[in-house]
Amino acid sequence: MNDASPHAPQRACFPKSARLLTAKAFRQVLAAQNRVQSRAFVLYSRDGSGADPRVGLTVSRKVGKAYVRNRIKRVARELFRSNRQRLAFGRDFVLIARNRAASMDNDALRGELNRLFKPHWRDRVE
């Protein structure tokens with residue numbers, strides 16, 4: 001099947017406009033001191049300058065070997081991509097993985113991330 005077909009599934013992407021790319025951008029979010037934490041992650045957030053939400057990921061070497069860190073980042077990016085349209089406009093996030101994340105399976109990581117990001121969804125029911 002041709003990918004240009006109107007019936008082709010939409011491919012999720014993670015463009016540069018959806019990422020925090022500079023150390024200055026990370027520092028600005030961390031300086032806002034708006035923090036939520038779980039057993040496996042710490043999520044910092046602040047009002048950003050752009051229209052779309054952006055995220056920066058940090059997984060220290062202390063968390064585990066490269067394949068473990070990459071798995072954690074892959075799960076986090078997947079969740080951010082799939083929920084990007086639901087997140088508040090112009091919000092910047094920095095997600096820091098803790099050591100505990102290395103021992104969790106992917107479903108448990110998704111659950112933790114959903115709990116952290118849920119307060120920032122535009123369509124949440126209160």
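Since this is a predicted model, take the numbers as computed values, not measurements. (Residues numbered from 1 in each chain as written. Predicted model: local features only at pLDDT ≥ 70, side-chain atom pairs only at ≥ 80, totals over all residues. Heavy atoms only, no water.)

Peer 1: Whenever I open this one, the overall build of the chain confuses me. Can you help?
Peer 2: Within the chain one finds three helices and four strands. Out of the 126 residues belonging to the chain, those deemed buried represent 37%. For the chain, the proportion of contacts with a sequence separation of at least 24, taken over those separated by at least 6, is 81%. Working note: accessible area of the chain is about 8,100 Å², and carbon and sulfur atoms make up 48% of it. (Helix = DSSP H or I, 4+ residues; strand = E, 2+ residues; numbered from the N terminus. Buried < 20%, exposed > 50% of the residue type's maximum accessible area, 1.4 Å probe, protein only. Contact = heavy atoms within 4.5 Å. Areas by Shrake-Rupley, 256 points an atom, 1.4 Å probe, with all protein chains shown as cover.)

Peer 1: Help me understand the side chain of Arg84 in this model?
Peer 2: By the element assignment, Arg84 lies in the loop between α2 (66-83) and β4 (91-97). Nearest to the buried, unbridged Arg84 among oppositely charged side chains is Asp52, at 4.2 Å. For Arg84, the contacting residues outside a window of four places in its chain are Cys13, Pro15, Ala18, Asp52, Pro53 and Arg122. (Lys, Arg positive; Asp, Glu negative; His and termini not counted. Salt bridge = Lys/Arg side-chain N within 4 Å of Asp/Glu carboxyl O.)

Peer 1: What's the story with the environment of Lys62 in this structure? I'm lost.
Peer 2: Structurally, Lys62 is set in the loop between β3 (54-58) and α2. In this structure Lys62 comes out as exposed when scored by relative accessible area, which is 75%.

Peer 1: Honestly, the packing of aromatic side chains in this entry has me stumped. Any pointers?
Peer 2: Pairs of aromatic rings are described using the distance from one ring centre to the other and the angle between the two planes. As enumerated under the stated definition, the model contains two aromatic pairs in all. Residues Phe80 and Phe117 carry aromatic rings whose centres are separated by 6.4 Å and whose planes lie at 55° to one another, so their mutual orientation is tilted. Remark: Phe117 occurs in helix α3 (residues 106-117) and Phe80 occurs in helix α2; sequence separation between them is 37 residues. This pair shows no difference in class: Phe80 is buried, exactly as Phe117 is. With centroids separated by 5.2 Å and ring planes inclined at 70°, the aromatic side chains of Phe93 and Phe117 adopt a geometry described as edge-to-face. Remark: Phe117 occurs in helix α3 and Phe93 occurs in strand β4; sequence separation between them is 24 residues. The exposure classification of Phe93 matches that of Phe117, with both residues buried. (Phe/Tyr/Trp six-rings, centres within 6.5 Å; stacked < 30°, edge-to-face > 60°.)

Peer 1: Quick question: what am I supposed to make of α2 here?
Peer 2: Along an α-helix, residues three or four apart share an orientation, since each turn contains 3.6 residues. When the terminal C-alpha atoms of α2 are compared, their 26 Å separation across 18 residues agrees well with the 26 Å that a helix rising 1.5 Å per residue should span. Regarding α2, the residues found buried are Val68, Arg69, Arg71, Ile72, Val75, Ala76, Leu79, Phe80 and Asn83. All buried residues of α2 fall inside an arc of 165° around its axis, so they share one side. Turned more than 90 degrees away from the buried face of α2, the exposed residues are Tyr67 and Ser82. Those residues of α2 hidden inside the fold are in contact with β2 (41-47), β3, β4 and α3. (Expected span 1.5 Å × (residues − 1). Arc of directions from axis to C-beta.)

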